[in-house]
Amino acid sequence: MFRHRRVRILTVLLSGWVVLTAVERVAEEAPWARAVLGGLMWAALVAGVWWFAEWTQSPLRTARESAAARRRAENTPHDEPAGTDTELVAHQGEPSAPSHS
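Given the structure is predicted, the values throughout are model-derived calculations rather than measurements.

Asker: What am I meant to see in the overall build of the protein here?
Answerer: Helices and strands together make up the secondary structure of the protein, namely 4 helices and 0 strands. Written out in order from the N terminus, the α and β elements of the protein read α-α-α-α. Sequence-distant contacts, at least 24 apart, represent 40% of the contacts inside the protein between residues at least 6 apart. Summed over its atoms, the accessible surface of the protein is roughly 8300 Å², and 65% of this surface lies on carbon and sulfur atoms.

Next up, the structure:
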């Protein structure tokens, strides 16, 4: 169930809404209507940050990008002049030489 990103984001949103509404109501002593809206606003912010963190660290997205780069490198002709994009894609995974500055 928690394998899907949408389910995790929705769970964070709903549980955050409940907890943050309680915080607004108890700690801030806000009326229920304002506490519910304030809790929803903060929960949406937390869920948005959570989504962004998962999106930027997604191994599936990274795997797709590297697979696309490999396909581009495999499908290009090998008799191109030096310094082309093919050479750059082929050497992306290799560590660079240390600079002596």
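Asker: Honestly, helix 1 (residues 5–26) in this entry has me stumped. Any pointers?
Answerer: Think of an α-helix as 3.6 residues a turn; residues three or four steps apart then line up on the same face. End to end, helix 1 covers 31 Å across 22 residues, agreeing with the expected 32 Å (1.5 Å per residue, within 8%). If you check which residues of helix 1 are buried, you get Ile9, Val12, Gly16, Thr21 and Glu24. The inward-facing, buried residues of helix 1 contact helix 2 (32–56).

Asker: Is there a simple way to explain the side chain of Thr21 in this structure?
Answerer: Residue position: Thr21 is located in helix 1. A relative accessible area of 8% means that Thr21 is categorised as buried. Among residues more than four places away in sequence, those in contact with Thr21 are Gly16, Trp32, Ala35, Val36 and Gly39.

Asker: Would you mind showing me how to read the environment of Arg5 here?
Answerer: On the secondary structure map, Arg5 appears in helix 1. With 50 residues separating them along the chain, Arg5 and Trp55 place their C-alpha atoms 9.0 Å apart. What Arg5 contacts, discounting residues up to four positions off in sequence, is Trp51, Glu54, Trp55 and Ser58.

Rules behind the numbers
- Residues numbered from 1 in each chain as written.
- Predicted model: local features only at pLDDT ≥ 70, side-chain atom pairs only at ≥ 80, totals over all residues.
- Heavy atoms only, no water.
- Helix = DSSP H or I, 4+ residues; strand = E, 2+ residues; numbered from the N terminus.
- Contact = heavy atoms within 4.5 Å.
- Areas by Shrake-Rupley, 256 points an atom, 1.4 Å probe, with all protein chains shown as cover.
- Expected span 1.5 Å × (residues − 1).
- Buried < 20%, exposed > 50% of the residue type's maximum accessible area, 1.4 Å probe, protein only.

Note that every value here comes from positions in space, so none of it alone points to a role or purpose.
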